Amino acid sequence: MKKVIIIGSGIAGIASAIRLRVKGYEVTVFEANDYAGGKLSQIEGKGYRFDAGPSLFTLPNLVEELFMLANKKPDKYFKYNRLDEICKYFWDDNTQLTAWAEPVKFAQEIENKLGVPREKIIHFLKKSGKNYSILDKLFLQKSLHKLSTWLGFDALRGYSNIPNLGLFKTMNEENEAYFINQKLIQLFNRYATYNGSDPYQTPATLNVIPHLEYNLGAFFPEKGMFSITDSLVKLAQDIGVNFQFKSKAEIIIVENKKVVGVEVNGIRFLADIVVSNMDISATYRKLLPNERQPEKLLSQPKSSSGIVFYWGIKKEFSELGLHNIFFSEDYKHEFEKIFNEKTVSDDPTIYINITSKHKADDAPQGCENWFVLINVPPNEGQNWEELINKTRENVLRKLSKILKQNLIELIDYEQVLDPRIIETRTSSSQGALYGNSSNNKYAAFLRHANFSSNFENLFFVGGSVHPGGGIPLALSSAKIMSDLVRK
Ligand code: FAD
């Protein structure tokens, strides 16, 4: 049986392992940590459980597909529910709005709360869906680095729709031209952060993201986000994938211009195919230091990172839901701080995810598990201790005011994640959450391909390569890679 080595058990590494095992390869996954999942892991303490990274789950079919590929029933391993309420939005002037999953109900809520006619929202979401259907087939399901991608029907459809795809305006420009209401512009501009970008720089093409939530749906796994990792690892093990934890790949072994395996803890492991789920910059710099480095691709600006406060809170807040956003007053200023000044605004937008709203055992009775995320720049050696302390104070002040509670007194448990920790724990370059940023219209073409142009048996998957970051795209990268292996 031909052997595959996968470096890293992030979600894309696990999906790659399943796909290649199903194809008949003998698969070993080497993972540096003593746990699987990379960013998609969990932490626990004092009776609280938190999903450590991703909190929003879209396109569950990409997960289910893996069980079906392996001839297993998905619901034997993994269960999830569609959300009726996607997010609760809060502004400093006490405006509150619920983003319902059902598009007409959501549009009606906006008409009621912000006075914008509901037809405008429905039209926006329809356009978002149409553009998504064009881009999905072209950019998200295929390698951009193969000629065949650019010659088929999907490409022709893409060319004929170029003027409508928003390539030549920024997301904010398109949203400002369409909606006059500043709160609504802010609400839809926020979708740029779903891949760590800046709405004032990223092309309006990213206005396809709302389609995922409002037309296709947002979901919550019954056992929390970590159960995506957990159930897929279980599936992989059931079909014979071998996971080796605390096994950091140190070098990709090249002999006679061919990749022949990987060195782990000083031991050589030979393989016919090597797939790296390690961040692409780290893969080249650390595992292939003597090979030609694709400098232009590796030096692209990175996506935003995050400071996360995991707070056990000794109270239940009926006004909060699973996903909550407390907007900053000056959104443009906030992104200037992140992407130009590489620091954190004093009035950052605050995202709170509370899984105990849907999974009661994630917090002790009468308490809630708050995952509080602030978008911050990638790590460039900033004084993170100072930024964390300042941000913590600002966040507590803002939330205490809006929720009319002295929050500091309610914090029962605390842990903090910052870009440096993300970088050390997962190898992500500069602790970026989503690999490269999408802050220019060529970004899709400046991500590394899912294959090596130097070695025919070396492949790359995960959030730092094509098609990009986030769970769905990382899963797509595994699918594209596996199709390339077949070819
Ligand atoms: P990663 O998760 O980056 O894992 C890489 C793995 O490789 C790690 O386990 C690492 O230990 C291992 N590794 C690295 N180097 C080596 C080596 N040399 N040898 C062996 N193993 C190695 N996405 C969403 O879709 N929705 C969200 O709501 C969302 N929110 C997020 C919030 C936060 C705070 C974070 C951190 C991320 C968020 N993301 C979200 C992004 C999402 O988590 C990532 O895009 C995705 O999980 C990346 O998966 P990956 O396969 O690239 O691997």
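Residue indices begin from 1 for each chain and proceed along its sequence in written order. Since the coordinates come from a predicted model, pLDDT governs what is reported: local features require at least 70, and pairs of side-chain atoms require 80 or more to be given and counted, while whole-chain, interface and lining totals use all residues. Processing note: side-chain calculations cover all non-hydrogen atoms of the structure and skip hydrogens and water entirely.

Some details on the packing of aromatic side chains
Next, step 1: Put simply, two rings from Phe, Tyr or Trp (the six-membered ring, in Trp's case) pair if the centres are within 6.5 Å, and we call them stacked under 30 degrees between planes, edge-to-face over 60, tilted for the rest. All told, the structure shown has 34 aromatic pairs when counted by the stated rule.
Next, step 2: With a centroid separation of 5.5 Å and 80° between ring planes, the pair formed by Tyr 80 and Phe 219 is classed as edge-to-face. Placement of the pair is Tyr 80 in strand E5 (residues 80-82) and Phe 219 in strand E8 (residues 219-221), with a sequence separation of 139 residues.
Next, step 3: Classification of residues uses two cut-offs on accessible area relative to the type maximum, computed with a 1.4 Å probe and protein chains only: under 20% is buried, over 50% is exposed, and between them is partly exposed. With a relative accessible area of 21%, Tyr 80 lands in the partly exposed category.
Next, step 4: Relative accessible area serves as the criterion here: at 8%, Phe 219 is assigned to the buried category.
Next, step 5: Arranged with centres 4.3 Å apart and planes meeting at 5°, the rings of Phe 90 and Phe 326 form a pair that is stacked. Of this pair, Phe 90 sits in strand E6 (residues 85-90) while Phe 326 sits in strand E15 (residues 323-326), and the two are 236 residues apart along the sequence.
Next, step 6: Judged by relative accessible area, which is 2%, Phe 90 ranks as buried.
Next, step 7: For Phe 326, a relative accessible area of 0% puts it in the buried group.
Next, step 8: Members of the aromatic cluster, joined through ring pairs, are Phe 106, Phe 124, Tyr 178, Phe 179, Phe 188, Tyr 191, Tyr 194 and Tyr 214. In this text, helices come from DSSP runs of H or I with a minimum length of four residues, and strands from runs of E with a minimum of two, each type numbered from the N-terminal end.

Focus: the site of the ligand
Next, step 1: For the ligand, the set of nearby residues contains 33 residues, the closest of which are Glu 31, Lys 39, Gly 463, Gly 470 and Ile 471.
Next, step 2: One of the side-chain N or O atoms of Asn 277 is found 3.0 Å from an oxygen atom in the ligand.
Next, step 3: A 3.5 Å cut-off defines polar contacts: any pair of N or O atoms within that distance qualifies, except that in protein one atom must be a possible hydrogen donor and the other a possible acceptor, and neighbouring residues in sequence count only when both atoms are side-chain atoms. Tyr 434 is positioned such that a nitrogen or oxygen atom in its side chain is 3.5 Å from a nitrogen atom of the ligand.
Next, step 4: Here, Shrake-Rupley sampling with a 1.4 Å probe gives the accessible areas, and only protein chains in the shown set may cover a residue. Against a free-state accessible area of 1000 Å², the protein chains account for coverage of 95% of the ligand.
Next, step 5: For the shell around the ligand, the elements supplying multiple residues, two or more each, are helix H1 (11-22), helix H15 (419-426) and helix H16 (471-486).
Next, step 6: Ten residue types, Ala, Val, Leu, Ile, Met, Phe, Trp, Tyr, Cys and Pro, are classed as nonpolar, four, Asp, Glu, Lys and Arg, as charged, and the remainder, Gly among them, as polar. Among the residues forming the shell around the ligand, the class breakdown is 14 nonpolar, 15 polar and four charged. Whether a residue is near a molecule or strand depends on its heavy atoms: it is near if one of them lies within 4 Å of it.

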